[in-house]
Amino acid sequence: MALPDLDDLIAEVDRRCDTAHRSPGGQEQPDWLALLTVAAQLAGQMQALADDLVEDYVEHCRMHGSSWTDIGTALGVTRQAVQQRFHAPHKRYSPATMTDDLRQAMVHVKQAAVHHRNNYIGTEHLLWGLTTEDNSATRLLRAVGILPETVHRSVGTRLSMGASQAAERLAWTPYSRKAIAIAEARSKQNGSDHIDCDDLLIGLAQVGRGVAADVLTTAGFDPALSKPEPTAAPASATRRTVR
């Protein structure tokens, strides 16, 4: 993958701020302050993406036994500096915080990671698990005119084969953690103590980055325009597997 050079980034700033070159009063000079604002926004997005990349690999190093000293050496900083930046504990979401449907979806999530020999749970695994069986996420997709089967097949093509044998230790990626944090906040806002499948679906979309967000955006899913979920089927109803 070729990284963008300075010319590419300048062109992207111009594209995002095309009105900056039409100064009021017919002046020849572009609106440099408007361009600077867009440039700063783009730089911030790139920095956040870079931070997520490093954090993801730091977590994998820790999971596979690397010391904070080793990680600090790899990053060119002290052990104290790397611990201060990355040692904040991540919140753990136990099955007790999830509905029965989400717990069942998480079984499929882990199966997808293990089957593909991935030692992490990415947004692609989460979306694949959410669309495997009938639940509030698939019903929400149907409510906005999107076939969950199509989403399931699409995200399935994005699952890549790895080489991990550590199936019992699956680390959540930064985007996945952000998605479930959004899902938890949404469930609480709706007065529930349990995270449901539709909460996590919207969380994946609202993260805005990652495989799941790409697939959902391509499918036309906009969480801001999603309709209320239809009345849930009785608990005794048989789950229907999406194929």
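Cut-off values and rules
Residues numbered from 1 in each chain as written. Predicted model: local features only at pLDDT ≥ 70, side-chain atom pairs only at ≥ 80, totals over all residues. Heavy atoms only, no water. Buried < 20%, exposed > 50% of the residue type's maximum accessible area, 1.4 Å probe, protein only. Helix = DSSP H or I, 4+ residues; strand = E, 2+ residues; numbered from the N terminus. Contact = heavy atoms within 4.5 Å. Polar contact = N/O pair within 3.5 Å; in protein donor to acceptor, adjacent residues only side chain to side chain. Axes fitted to C-alpha atoms, helices over the stretch in contact; angles between N-to-C directions. Parallel < 35°, antiparallel > 145°, perpendicular 65-115°, else oblique. Left-handed = near helix turned anticlockwise from the far one by under 90°. Nonpolar A, V, L, I, M, F, W, Y, C, P; charged D, E, K, R; others polar. 1 Å grid on protein atoms, 1.4 Å probe; cavity = no way out; pocket = protein on both sides within 12 Å on 5 of 7 lines; lining within 4 Å. Points joined across faces, edges and corners; volume = space filled by probe spheres on them. Salt bridge = Lys/Arg side-chain N within 4 Å of Asp/Glu carboxyl O.

Caption draft 1: How the structure looks around helix α7 (residues 136-143). Taken across its eight residues, α7 has six buried, putting it largely inside the fold. Those residues of α7 that fall on the buried side of the exposure criterion are S136, A137, T138, R139, L140 and L141. Against α6 (123-130), α8 (148-156), α10 (197-207) and α11 (211-219) lie the buried residues of α7. A positive backbone phi angle near 85° is found at G145, which sits one or two residues after α7.

Caption draft 2: Spotlight on the environment of Q45. Positionally, Q45 belongs in helix α2 (residues 32-63). Other than its neighbours up to four places away in sequence, Q45 contacts R16 and R209. Polar side-chain contacts of Q45 include one of 3.0 Å to the side chain of R16.

Caption draft 3: Structural context of the packing of α8 against α11. Running from N to C, α8 and α11 cross one another at 140°; their axes reach a closest spacing of 10 Å. For the element pair α8 / α11, the angle class is oblique. Crossing hand, α8 versus α11: right-handed. Along its contact with α8, which presents V151, S154 and V155, the element α11 presents V211, V215, L216 and A219. In the contact of α8 with α11, the residues fall into six nonpolar, one polar and no charged.

Caption draft 4: Region of interest: the layout of surface pockets. In this structure, the second largest pocket encloses a volume near 430 Å³. Taken together, 17 residues line the second largest pocket, and the ones lying closest to its centre are L53, D56, T173, Y175 and G210. For the lining of the second largest pocket, the secondary-structure elements that each account for two or more residues are α2, α6 and α9 (174-189). Residue classes in the lining of the second largest pocket are distributed as eight nonpolar, five polar and four charged.

Caption draft 5: Expanded view of the side chain of T131. Assignment of secondary structure puts T131 in the loop between α6 and α7. Within polar-contact distance, the side chain of T131 engages the backbone oxygen of L127 at 2.8 Å.

Caption draft 6: Broad picture of the pattern of salt bridges. Throughout the structure, instances matching the rule amount to 14 salt bridges. One salt bridge connects D51 with R85, and the closest N-O pair in it is separated by 3.1 Å. Here D51 is found in helix α2, whereas its partner R85 is found in helix α4 (residues 79-86), with 34 residues between them in sequence. D51 sits in the partly exposed class, given a relative accessible area of 29%. Of the charged contacts, one joins D198 and R186 as a salt bridge, the two residues approaching to 3.4 Å between their closest N and O atoms. Of this pair, D198 sits in helix α10 while R186 is found in helix α9, placing the two residues twelve residues apart along the sequence. In this structure D198 comes out as buried when scored by relative accessible area, which is 8%.

Caption draft 7: A look at α10. The element α10 is extensively covered by neighbouring structure, given that ten of its eleven residues are classed as buried. Listed in full, the buried residues belonging to α10 are C197, D198, D199, L200, L201, I202, G203, L204, A205 and V207. At its buried positions, α10 is contacted by α5 (100-115), α6, α7, α9 and α11. Phi turns positive one or two residues past the end of α10, at G208, with a value near 85°.

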